[in-house]
Amino acid sequence: MNIIVTSLFVDNQDKALAFYTDILGFVKKHDVPAGNFRWITVVSKDNEHGTELVLEPNDNIAAQDYQNSLMQQGIPATMFGTDNIDKEYESLKSHGVEFTMEPTAAGDIKLAIFNDTCGNLIQLIEQ
């Protein structure tokens, strides 16, 4: 069994698609109408046949409550990996990305947390 799709609630699909592709460097895989919204997925540019991330609209109260609660408590909604967190941190900072936690060693890993501008904190990890 493999994870093929996972989702992340976003408060604005257009803004999220721009952030995840233009700033984070993911590649748009799907963008199709789905009622009042769209089915938008992005994938890693290094693995375009890998796990897809759905940029899911948070257009219901349960999704909004969940997303807001995580943000208020400073809990990341998901985690992305990188081979060089310091390089990634500098690159993202140069694009105006706001970090709530700079790269920090934690045992044999290093992690950082940033705001995706769409209602989520994202943890970045180097291991």
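Residues numbered from 1 in each chain as written. Predicted model: local features only at pLDDT ≥ 70, side-chain atom pairs only at ≥ 80, totals over all residues. Heavy atoms only, no water.

The name given to the protein in an unreviewed UniProt entry is Catechol 2,3-dioxygenase, and the organism recorded there is Jeotgalicoccus aerolatus.

A. Spotlight on the nonpolar core. Judged by nonpolar contacts, the single largest core of 23 residues is most densely connected at Tyr-20, Leu-24, Leu-55, Phe-80 and Phe-114. At the level of elements, strand E1 (5-10), helix H1 (13-23), strand E3 (37-43), strand E4 (52-57), helix H3 (85-94), strand E7 (109-115) and strand E8 (121-126) are the ones that each hand at least two residues to this core. Looking at this core element by element, the count peaks at 4 residues for H1. Excluding its chain neighbours within four sequence positions, the residues that come into contact with Tyr-20 are Leu-8, Gly-25, Phe-26, Val-42, Leu-53, Leu-55, Phe-80, Asp-116 and Ile-122. (Core = buried A, V, L, I, M, F, W, Y, C linked by side-chain atoms within 4.5 Å. Buried < 20%, exposed > 50% of the residue type's maximum accessible area, 1.4 Å probe, protein only. Helix = DSSP H or I, 4+ residues; strand = E, 2+ residues; numbered from the N terminus. Contact = heavy atoms within 4.5 Å.)

B. Region of interest: a nonpolar patch on the surface. On the surface, Ile-4, Val-5, Val-32 and Trp-39 cluster together into a nonpolar patch covering about 350 Å² of accessible area. Mapped onto the fold, Ile-4 is located in the segment before E1. (Patch = residues over 30% accessible without salt bridge, like charges linked within 9 Å, V, L, I, M, F, W, Y side chains within 5 Å. Areas by Shrake-Rupley, 256 points an atom, 1.4 Å probe, with all protein chains shown as cover. Salt bridge = Lys/Arg side-chain N within 4 Å of Asp/Glu carboxyl O.)

C. Seen up close, the environment of Leu-8. Relative to the helices and strands, Leu-8 resides in strand E1. Separated by 48 residues in the primary sequence, Leu-8 and Glu-56 have C-alpha atoms spaced 5.6 Å apart. Once residues within four sequence positions are removed from consideration, Leu-8 is found in contact with Tyr-20, Leu-53, Val-54, Leu-55, Glu-56, Ala-77, Thr-78, Asp-116, Asn-120 and Ile-122.

D. Quick peek at the pattern of salt bridges. Across all of its chains, the model carries 6 salt bridges by this definition. Notably, a salt bridge pairs Lys-28 with Asp-31, separated by 3.9 Å at the nearest N-O pair. Here the residues in one salt-bridge network are Asp-14, Lys-28, Asp-31 and Arg-38, joined through shared partners.

E. Broad picture of the sheet that holds E3. On the basis of which strands lie adjacent, the open sheet formed by 4 strands has the order E1-E4-E3-E2 and mixed pairing. The open sheet has two free edges, formed respectively by E1 and strand E2 (27-34), since each of these has just one partner strand. Recorded for the sheet is a direction-independent mean angle of 25° between the axes of neighbouring strands. Sheet analysis places E1 next to E4, joined by 6 bridges and oriented parallel. Paired with Thr-6 across the strands is Leu-53, a residue of E4. Packing of H1 onto the sheet brings it into contact with E1, E2, E3 and E4, and relative to E3 it is tilted by some 10°. (Pairing = 2+ DSSP bridges. Axes fitted to C-alpha atoms, helices over the stretch in contact; angles between N-to-C directions.)

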